[in-house]
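Observations on the three-dimensional arrangement
Here's the letter readout for the chains.
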Amino acid sequence: MGIVSPGFQGRPRSAEPALPPGQYLTQDFPVLSAGPTPRVSLDTWEFVLSTEDGREFRWSWDELMSLPQETPTVDIHCVTRWSKLATTWRGVSLDTLLDGVDTAARYALAHSYGGYTTNLPLDDLRGGRAWVAHTFDGEPLPAEHGGPARLLVPHLYFWKSAKWVRGIRLFVDDHPGFWETAGYHDYGDPWREQRYQGD
Ligand SMILES: Nc1nc2c(c(=O)[nH]1)N[C@H]1C(S)=C(S)[C@@H](COP(=O)(O)O)O[C@H]1N2
Ligand SMILES: [Mo]
């Protein structure tokens, strides 16, 4: 037994609600995919970070696995109003992947096997807030949830967490992604309920 019991740490529940406005709690793990589930072999899998001036940084699956790994436990919030608390993942922090990448970019566009894209400010990938996650609840991430690996950016609505992530392009200017082009909010902060453009 630890000295500090679970539940003793973290923000006081009376002061701050666990659920962002308009969200409900779910125990299961819904699947939301805009298209078919791509099947990506680990032999050919790669993650490519490209800069605004065309430099590319590549990691194979083995190279990703040889980087320092983290095990974040985070709450996730889907724009369709379900939230899931205290989900546990394993993956590589974007801080680690961006370390040593010299860039003047301010925006990022994540892109996936299968063609999905989503944009976010580069700053939101930093500060221990974003991961390339390959494990959920101690098991390899199931394909329907984005395996082999997905982006995990839990402080934004979950559509920003690109499944089957293949790479991130860095830009000086903002380039809206799939749902952002279709009318979803450019930033998507669940605590400010930024669901759609104009929210
Ligand atoms: N490549 C890809 N990533 C995606 C999506 C998608 O359709 N394709 N859907 C997004 C949306 S809208 C949500 S809510 C989450 C759902 O993740 P889940 O299916 O693991 O719950 O993935 C996000 N990432
Ligand atoms: Mo979503």
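Residues numbered from 1 in each chain as written. Chains lettered and ligands numbered in written order. Predicted model: local features only at pLDDT ≥ 70, side-chain atom pairs only at ≥ 80, totals over all residues. Heavy atoms only, no water.

Here the focus is the packing of aromatic side chains. All chains considered together, the criterion is met by 14 aromatic pairs. Between Phe-29 and Trp-82, the ring centres sit 6.3 Å apart and the planes meet at 70°, which makes this aromatic pair edge-to-face. Remark: Trp-82 occurs in strand 5 (residues 82-93) and Phe-29 occurs in the loop between strand 1 (24-25) and strand 2 (46-50); sequence separation between them is 53 residues. Using a relative accessible area of 3% as the deciding quantity, one classes Trp-82 as buried. On the basis of an interplanar angle of 45° and a centroid distance of 5.8 Å, the ring pair of Tyr-116 and Phe-178 is categorised as tilted. Of this pair, Tyr-116 sits in the loop between strand 6 (107-112) and strand 7 (117-121) while Phe-178 sits in helix 3 (residues 178-181), and the two are 62 residues apart along the sequence. A connected cluster of aromatic rings, assembled from ring pairs, spans Tyr-116, Tyr-157, Trp-159, Phe-178, Trp-179, Tyr-184 and Tyr-196. (Phe/Tyr/Trp six-rings, centres within 6.5 Å; stacked < 30°, edge-to-face > 60°. Helix = DSSP H or I, 4+ residues; strand = E, 2+ residues; numbered from the N terminus. Buried < 20%, exposed > 50% of the residue type's maximum accessible area, 1.4 Å probe, protein only.)

Time to look at the side chain of Asp-124. Mapped onto the fold, Asp-124 is located in the loop between strand 7 and strand 8 (131-136). On the basis of relative accessibility, which here comes to 5%, the residue Asp-124 falls in the buried class. A polar atom in the side chain of Asp-124 sits 2.7 Å from the side chain of His-155. At 2.5 Å, the side chain of Asp-124 and the side chain of Tyr-187 are in polar contact. (Polar contact = N/O pair within 3.5 Å; in protein donor to acceptor, adjacent residues only side chain to side chain.)

Of all residues adjacent to ligand 1, which total 20 residues, the nearest are Pro-30, Ala-34, His-145, Arg-150 and Lys-163. Residue Pro-30 places a main-chain N or O atom 2.6 Å away from an oxygen atom belonging to ligand 1. Here an oxygen atom of ligand 1 sits 2.6 Å away from a polar atom, N or O, in the main chain of Ala-34. In isolation ligand 1 offers 530 Å² of accessible surface; the protein chains occlude 97% of this area. Looking at the shell around ligand 1, its residues break down into 13 nonpolar, four polar and three charged. (Near = heavy atom within 4 Å. Areas by Shrake-Rupley, 256 points an atom, 1.4 Å probe, with all protein chains shown as cover. Nonpolar A, V, L, I, M, F, W, Y, C, P; charged D, E, K, R; others polar.)

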